[in-house]
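A structural walkthrough
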Amino acid sequence: QIQENAPAGSLVGILHVSDPDDPEGKGTYLFELSGKEKNATLPFQVDPQGRLSTTRPLDFELGDKREITVTATDSGGLSLDSNFTIAVVDLGAPSVDSLQVSEHDGVLQASSRTHALHLAPVVERGVAVSENSGGWEDAGQRRIQASGTKSEFTVDVTGLTPGRKYYLRAYA
């Protein structure tokens, strides 16, 4: 198994060949990978020592497993195919607490707290502002990014027109 978003070059496992013609295991083998990836480029590679590693980060949301076939060929040209299923572990998305809004000296402030696993750190957090209650992806939405890296954050919400209704949502 491999965790999603692990960097390219992450070790998945080490392949071992058991060959009755090489009982001491001192032979050399050529490894080839094949699979059913949609884009025809497998996200894995195997080196001559049998170390299977990733060539790019894997995304759990694109599939919770990857199926590959490894062909091991000995120096005499004999080969064996073995099928493997590699599980991709979901790290989970960060979550955000409910947004708290207050006013201090005439400035509207929005505060919240993010929660994330250390393996899936929050790279951006803040408050989205929209005039549409469901408009988190609309052109009128704007984001106010919080500074710093702490889980608790507060942003000043400025640029609001008096008398208009706004919807605010914390995001990470």
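Use the structure listed above.
Residues numbered from 1 in each chain as written. Predicted model: local features only at pLDDT ≥ 70, side-chain atom pairs only at ≥ 80, totals over all residues. Heavy atoms only, no water.

**What about the nonpolar core?**
Defined as follows: In this description, a nonpolar core means a group of buried Ala, Val, Leu, Ile, Met, Phe, Trp, Tyr and Cys residues linked to one another through side-chain atoms lying within 4.5 Å. Exposure classes here rest on a 1.4 Å probe applied to the protein chains alone. A residue is buried below 20% of its type maximum, exposed above 50%, and partly exposed in between. The helix and strand labels rest on DSSP assignments: H or I over at least four residues marks a helix, E over at least two residues marks a strand, and numbering proceeds from the N terminus. Every residue pair with non-hydrogen atoms within 4.5 Å of one another is taken to be in contact.
Within the largest apolar cluster, 16 residues are counted, with the highest numbers of intra-cluster contacts made by Ile2, Val12, Phe31, Phe44, Leu52, Ile68 and Ile86. When contributions to this core are tallied by element, the ones reaching two or more residues are β3 (29-35), β4 (44-46), β6 (65-74) and β7 (79-89). Counting residues per element, this core draws most heavily on β6, which supplies three residues. Excluding residues within four positions of it along the chain, Phe31 makes contact with Leu15, Val17, Val46, Asp47, Pro48, Gln49, Gly50, Val70, Thr71 and Ala72. Val127, Ala146, Val157 and Tyr166 belong to the second-largest nonpolar core, a separate cluster that totals ten residues.

**Section: the packing of aromatic side chains**
Let me state the cut-off plainly: Stacked, tilted and edge-to-face are the three classes assigned to paired rings of Phe, Tyr and Trp, where Trp is represented by its six-membered ring and a pair needs centres within 6.5 Å; plane angles under 30 degrees give stacked, over 60 edge-to-face, the rest tilted. For a ring to carry a charge above it, either NZ of a lysine or CZ of an arginine must fall within 6 Å of the ring centroid while also lying within 35 degrees of the normal to the ring plane.
Per the stated rule, a full pass over the model turns up zero aromatic pairs. When the ring centre of Tyr171 is taken as origin, the NZ or CZ atom of Arg143, which lies over that ring, is 4.2 Å away.

**A word on the sheet that holds strand β14 (residues 167-171)**
Under the convention used in this document: Two strands are said to pair when DSSP picks up at least two bridges between them. Here an angle of 0 to 180 degrees is reported between the N-to-C directions of two axes, which are lines fitted to C-alpha atoms, with helices fitted over the stretch in contact.
Strand order across the open sheet formed by three strands is β12-β11-β14, with antiparallel pairing between neighbours. Looking at the sheet topology across the chains shown, the edges are occupied by β12 (142-145) and β14. Looking at each pair of strands side by side, their axes are set apart by 25° on average, direction ignored. Across four bridges, strand β11 (residues 126-130) lies against β12 in antiparallel orientation. Paired with Ala128 across the two strands is Arg143, which belongs to β12.

**Topic: the sheet that holds β7**
The strand order across the open sheet built from four strands is β1-β7-β6-β3, with neighbouring strands paired in mixed fashion. The open sheet has two free edges, formed respectively by β1 (2-3) and β3, since each of these has just one partner strand. Here β3 runs beside β6; their pairing, made up of seven bridges, is antiparallel. For Tyr29, the partnering residue across the bridge sits in β6 and is Asp74.

Scope: geometric values only; no functional claims are made or implied.
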